[in-house]
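Read off the chains here:
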Amino acid sequence: MLNLLGENCIVLLFGSRTDDNQRGGDIDLLIESPVIIKNRIQLECKLAARLYIKLGGRKVDVLIVSVN
């Protein structure tokens, strides 16, 4: 799926998980892609679902933005 985002995409962690003193909460990821993403919402959902499975059920929110 990363090939759909472009080779130079940047993944940023934001939200409560950036504070080591807070516990729990979901993982919020912002993905900046240098290319325009078709079906962006569908890709966000697919990535979130795959990460949910890989991380043992931890909820992950994914937001993809195109930056030119």
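Along each chain, residues carry numbers from 1 onward, in the same order as the chain's sequence is written. Thresholds applied to this predicted model are a pLDDT of at least 70 for local features of residues and 80 or more for the giving and counting of side-chain atom pairs; totals over whole chains, interfaces and linings are not thresholded and use all residues. As a convention, hydrogens and water are excluded, and side-chain values are obtained from all of the structure's heavy atoms.

Asks: Help me understand the environment of Leu63 in this model?
Replies: Numbering of helices and strands starts at the N terminus; helices are DSSP runs of H or I of at least 4 residues and strands are runs of E of at least 2. Inspection of the secondary structure assignment puts Leu63 in strand E3 (residues 60-66). Between the C-alpha atoms of Leu63 and Arg40, which are 23 residues apart in sequence, the distance is 8.9 Å. Aside from chain neighbours lying at most four places away, what touches Leu63 is Leu29, Leu30, Ile31, Arg40 and Glu44. Only heavy atoms matter for contacts: two residues are in contact if any of them lie within 4.5 Å across the pair.

Asks: Would you mind going over the sheet that holds strand E2 (residues 27-33) with me for this structure?
Replies: By definition, the strands of a sheet pair up through backbone hydrogen bonds, in either a parallel or an antiparallel sense. Strands pair, by our definition, only if DSSP identifies at least two bridges between them. Strand order across the open sheet formed by 3 strands is E1-E2-E3, with mixed pairing between neighbours. In this open sheet, the two strands that pair with only one neighbour each are strand E1 (10-14) and E3. Going from strand to strand, the sheet's axes swing by 25° on average, the running direction of each strand aside. One ladder, built from 5 bridges, connects E1 with E2; its direction is antiparallel. Orientation is described by lines fitted to C-alpha atoms, with helices fitted over the stretch in contact, and by angles between N-to-C directions that extend from 0 to 180 degrees.

Asks: Help me understand helix H2 (residues 40-54), please; the structure alone is not making it clear to me.
Replies: Three or four residues apart is the spacing at which side chains of an α-helix point the same way, because the helix has 3.6 residues per turn. A helix's residues, less one, multiplied by 1.5 Å, set its expected span. The terminal C-alpha atoms of H2, which comprises 15 residues, lie 21 Å apart, in line with the 21 Å expected from a rise of 1.5 Å per residue. A positive phi of about 70° marks Gly56, the residue just after H2.

Asks: Any chance you could explain the pattern of salt bridges here in plain terms?
Replies: For this document, the term salt bridge refers to a Lys or Arg side-chain nitrogen within 4 Å of an Asp or Glu carboxyl oxygen. The final tally for this structure, using the stated rule, is 3 salt bridges. With its nearest N and O atoms 3.7 Å apart, the salt bridge here joins Lys59 to Asp26. Of this pair, Lys59 sits in the loop between H2 and E3 while Asp26 is found in the loop between E1 and E2, placing the two residues 33 residues apart along the sequence. Three labels apply to residues, based on accessible area from a 1.4 Å probe with only protein chains included: buried if under 20% of the type maximum, exposed if over 50%, partly exposed otherwise in between. Using a relative accessible area of 19% as the deciding quantity, one classes Asp26 as buried. The partner of Arg40 in a salt bridge is Glu44, and the shortest N-O contact between them spans 2.8 Å. Taken together, the positions of Arg40 and Glu44, both in helix H2 and 4 residues apart, correspond to about one turn of that helix. Arg40 sits in the partly exposed class, given a relative accessible area of 33%.

Note that all results are geometric; they support no functional claim without further evidence.
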